Amino acid sequence: HVQLVESGGGSVQAGGSLRLSCAASGYPYRSYCMSWFRQAPEKEREGVARITSGGTPLYRDPKATRFFISRDNTRNTMTLQINGLQPGDTAKYYCAAQPAPGYCDIVETDFDYWGQGTQVTVS
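My aim in this report is to walk through the structure given alongside it, one point at a time. (Residues numbered from 1 in each chain as written. Predicted model: local features only at pLDDT ≥ 70, side-chain atom pairs only at ≥ 80, totals over all residues. Heavy atoms only, no water.)

## Brief notes about the pairing of strand β11 (residues 118-122)
Burial of the side chains of β11 is restricted to one face: Thr118, Val120 and Val122 are buried, whereas none of Gln119 and Thr121 on the reverse face is. Bridging between strand β2 (residues 10-12) and β11 involves three bridges; their strand directions are parallel. Opposite Ser11, over in β11, you have Thr121 as the bridge partner. One ladder, built from three bridges, connects strand β9 (residues 91-98) with β11; its direction is antiparallel. Paired with Lys92 across the two strands is Gln119, which belongs to β11. (Buried < 20%, exposed > 50% of the residue type's maximum accessible area, 1.4 Å probe, protein only. Helix = DSSP H or I, 4+ residues; strand = E, 2+ residues; numbered from the N terminus. Pairing = 2+ DSSP bridges.)

Next up, the structure:
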């Protein structure tokens, strides 16, 4: 059984910070490429960042220094720290995993397993 569960979303004022978490279970998490995607209402889902099994991060927007992705393989968790939240960050954020070697780009079709999402609302 493979399960990904996101948490940490909420409603915050612009300029605030959130730390989103993804808890994984049911598979060898340490071998997986992990990523965060987000989807705003009436918009397509877009990648935010990914992190390799070895901990190498990549961000879709290199200017998005407000985002920081990390993972703790000993705890089977991954996080997305978002600082200086802006209204444009409002979206449902999804955790995703890819078990195969390679295939660790910020591409939606690269990922086989998805969580239910956690909502981030910035006003």
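## What about the packing of aromatic side chains?
What the rule picks out here adds up to four aromatic pairs. On the basis of an interplanar angle of 75° and a centroid distance of 5.6 Å, the ring pair of Phe37 and Phe111 is categorised as edge-to-face. Here the residue Phe37 occupies a position in strand β4 (residues 33-39), and Phe111 occupies one in the loop between β9 and β10 (113-114), the gap between them amounting to 74 residues. As far as burial versus exposure is concerned, Phe37 and Phe111 are alike and both buried. Judged by its relative accessible area of 5%, Phe111 is buried. In this structure an aromatic cluster arises from ring pairing among Phe37, Phe111 and Trp114. (Phe/Tyr/Trp six-rings, centres within 6.5 Å; stacked < 30°, edge-to-face > 60°.)

## Quick notes on the state of the cysteines
Within this structure, the stated rule accounts for two disulfides. The disulfide bridge from Cys33 ends at Cys104, spanning 2.0 Å between sulfur atoms. Its S-S torsion of approximately 80° makes the covalent link between Cys33 and Cys104 right-handed. Note that Cys33 is positioned in strand β4 and Cys104 in the loop between β9 and β10, a separation of 71 residues in sequence. Cys104 shares its class with Cys33; the two are buried. Ordinal numbering of bonded cysteines along the chain defines a disulfide pattern of 1-3, 2-4. (Disulfide = S-S within 2.5 Å.)

## Re unusual backbone geometry
Its identity is not glycine, yet Glu42 carries a phi of approximately 60°, on the positive side. Among the structural elements, Glu42 can be located in the loop between β4 and β5 (46-51). Phi is positive for Asn76, close to 55°, though the residue is something other than glycine. Along the chain, the position of Asn76 falls in the loop between β7 (67-72) and β8 (77-82). The class of Asn76 is partly exposed, set by a relative accessible area of 26%.

The values reported here are purely geometric and, on their own, carry no functional implication.
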